Amino acid sequence: MTMFTEQNLTCADCGVEFAFTVSEQEFYAEKGFNNPPRRCKTCRAAAKANRGEGRGAREMFEVTCSSCGVQTQVPFKPSGSRPVFCHDCFQKEAR
Ligand SMILES: [Zn+2]
Ligand SMILES: [Zn+2]
């Protein structure tokens, strides 16, 4: 049986020191992972979110508002055939 001790690792992304706790090491050993995590929890969560696996993470599309021409982001893919509005203009259009 291997004895685990808490380790301090440095995040490969942000350089912050984080604890690789005993329970995490046990979890890693159980899963058969040989390498300790390279990133802190924050960066790991961010990387997950970037892959679209994060909770509530939505892909945003860069668009130009058809009404005022401002650059904005919308949570859907613009079809091209219909006008896209920024938040402000959308509010106006809805009225
Ligand atoms: Zn980090
Ligand atoms: Zn607008």
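As a reminder, the structure under discussion sits directly above these lines.
Please read all numbers here as calculations on a predicted model, not as lab measurements. (Residues numbered from 1 in each chain as written. Chains lettered and ligands numbered in written order. Predicted model: local features only at pLDDT ≥ 70, side-chain atom pairs only at ≥ 80, totals over all residues. Heavy atoms only, no water.)

K.L.:
Quick rundown of the overall build of the protein? Include the residues and the values.
P.N.:
Per the secondary structure count, the protein includes three helices and four strands. The N-to-C order of helical and strand elements in the protein reads β-β-α-α-β-β-α. The burial tally for the protein puts 19% of its 95 residues in the buried class. For the protein, the proportion of contacts with a sequence separation of at least 24, taken over those separated by at least 6, is 17%. (Helix = DSSP H or I, 4+ residues; strand = E, 2+ residues; numbered from the N terminus. Buried < 20%, exposed > 50% of the residue type's maximum accessible area, 1.4 Å probe, protein only. Contact = heavy atoms within 4.5 Å.)

K.L.:
Describe in detail the pattern of salt bridges, supporting the description with residues and values.
P.N.:
The full count for this structure, using the stated rule, is two salt bridges. Ionic pairing is found between Asp-13 and Arg-39, a salt bridge with its closest N-O pair at 2.9 Å. Placement of the pair is Asp-13 in the loop between strand E1 (7–10) and strand E2 (17–20) and Arg-39 in the loop between helix H1 (22–31) and helix H2 (41–50), with a sequence separation of 26 residues. A relative accessible area of 49% means that Asp-13 is categorised as partly exposed. Given the relative accessible area of 29%, Arg-39 is considered partly exposed. (Salt bridge = Lys/Arg side-chain N within 4 Å of Asp/Glu carboxyl O.)

K.L.:
Tell me about H1, residues and numbers included.
P.N.:
Within the span of H1, buried status applies to Glu-24, Gln-25 and Tyr-28. Take H1 and look down its axis: the buried residues cluster within an arc of 100 degrees, on one side only. On its buried face, H1 sits against E1, E2 and H2. Of the residues trailing H1, Gly-32 is marked for its positive phi of about 80 degrees. (Arc of directions from axis to C-beta.)

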